Amino acid sequence: MAGHSQFKNIMHRKGAQDAKRAKQFAKVIREITVATRSGMPDPAMNPRLRAAITAAREVNMPKDTVERAIKKASGAGGGEDYVAVRYEGYGPAGVAIIIEGLTDNRNRTASEVRAAFSKHGGSMGETNSVSFGFDHIGVITYPLDAASEDDMLEAAIEAGADNVETTEDGHEITTAMEALMSVRDALEGRFGEPRSAKLDWRPQTTVTLDEDQARSVLKLIDVLEENDDVQSVYANFDLPDEVAEALAA
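As a starting point, this report considers the structure included with it. (Residues numbered from 1 in each chain as written. Predicted model: local features only at pLDDT ≥ 70, side-chain atom pairs only at ≥ 80, totals over all residues. Heavy atoms only, no water.)

Some words on the sheet that holds strand E9 (residues 230–235)
Strand pairs in the sheet, formed through backbone hydrogen bonds, run parallel or antiparallel to each other.
Phase 1: Strand order in the open sheet made by the 4 strands is E3-E1-E2-E9, with antiparallel pairing throughout. The sheet is open, and its two borders are formed by strand E3 (123–125) and E9, each paired with just one other strand. Here the average twist between neighbouring strands, direction ignored, is 30°.
Phase 2: Summarising the sheet, strand E2 (residues 96–103) and E9 pair through 5 bridges and their orientation is antiparallel. (Pairing = 2+ DSSP bridges. Helix = DSSP H or I, 4+ residues; strand = E, 2+ residues; numbered from the N terminus. Axes fitted to C-alpha atoms, helices over the stretch in contact; angles between N-to-C directions.)

Below is the structure:
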C-alpha cells in the first residue's frame, strides 16, 4: 500500500476525518473550479469535471454545493484564477515526496512548501528530482459488489486497462495515464459510476520506516496537506503492521 494511503488510514482511525471536512471541501471546490474553466460546465462533455464531481461525492459534498461551485466557476471573469503546480523533495529517512497543488500565487505556495520541508527534516528538490522513482498512472475503484472479479477483469481488459486487483476493499483498476477517462467511461457504461477515478503517483520502491521515522514523516505530510494550495501528497514509504498499530494507538 502506498505510504500516502497508509497515512490516510491512520488519520481516519484517529478520528481526524471530521475535523478536516471543511478543508477537503475547499480542495475539491478548487478542483471543480479549475475543471469547469478548462472545458465545458457540462460534466458529460468534460471528463475532468466528471472526475472532480466523483471526488466531491467521495467526501460527501452536498449536491447543491457542487452545483454552486460549477455555476460560480462558469461565470464570466469571476473568482480566482488557479494554476497547477508540482513540488518534489525528500523527507526524513530519505522518503521521496511529491506534492500537487492548485494555486493563485506560485511564489507563496513554493515558499510555504519549502518552509515545511525545512522545518520538518526534509529538503525540497527540483522538478523531476524524485518523480522518476514513481509511476504516474490512472486508478479507478469500484466497491466489491459492483461486479464479480471475473466480470470486472474482462470489462477492464476490453476497455484498455493495464491491471485489476480485487480485494475485500473492492476492485482497483489501473490504466495508463492518458487512458484513464476512456477506461472510466467504458466501465461506467457497464457497472455504473465508480467510487473514484483519478491520476495517482505510485512508488516503484519503498522505504520501510520505524516508529520514530514514521512520526517525523507523517508530521511533514500532515503539514503539507494542511496547506490550502496543496491538493495531494504522495510518498514512497512503507509501514510495518506493528508501526502502524503503534501510531494508531
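Some words on the environment of Lys27
Phase 1: By the secondary structure assignment, Lys27 is in helix H2 (residues 21–38).
Phase 2: Contact partners of Lys27, with chain neighbours within four places excluded, come to Glu225, Asn227, Asp228, Val230 and Gln231. (Contact = heavy atoms within 4.5 Å.)

Observations concerning the side chain of Thr175
Phase 1: Tracing the sequence through the fold places Thr175 in strand E6 (residues 170–176).
Phase 2: Assessed through its relative accessible area of 0%, Thr175 is described here as buried.
Phase 3: For Thr175, the contacting residues outside a window of four places in its chain are Ile137, Gly138, Ile140, Ala161, Asp162, Leu180 and Val183. (Buried < 20%, exposed > 50% of the residue type's maximum accessible area, 1.4 Å probe, protein only.)

Concerning the sheet that holds strand E5 (residues 163–167)
Phase 1: Judged by pairing direction, the sheet is antiparallel, and its 4 strands sit side by side in the order E5-E6-E4-E7 without closing on themselves. Unpaired on one side and paired on the other, E5 and strand E7 (196–203) mark the two borders of the sheet. Across the sheet, the mean angle separating the axes of adjacent strands is 30° when strand polarity is ignored.
Phase 2: Sheet analysis places strand E4 (residues 134–142) next to E7, joined by 8 bridges and oriented antiparallel. Paired with His136 across the bridge in E7 is Trp201.

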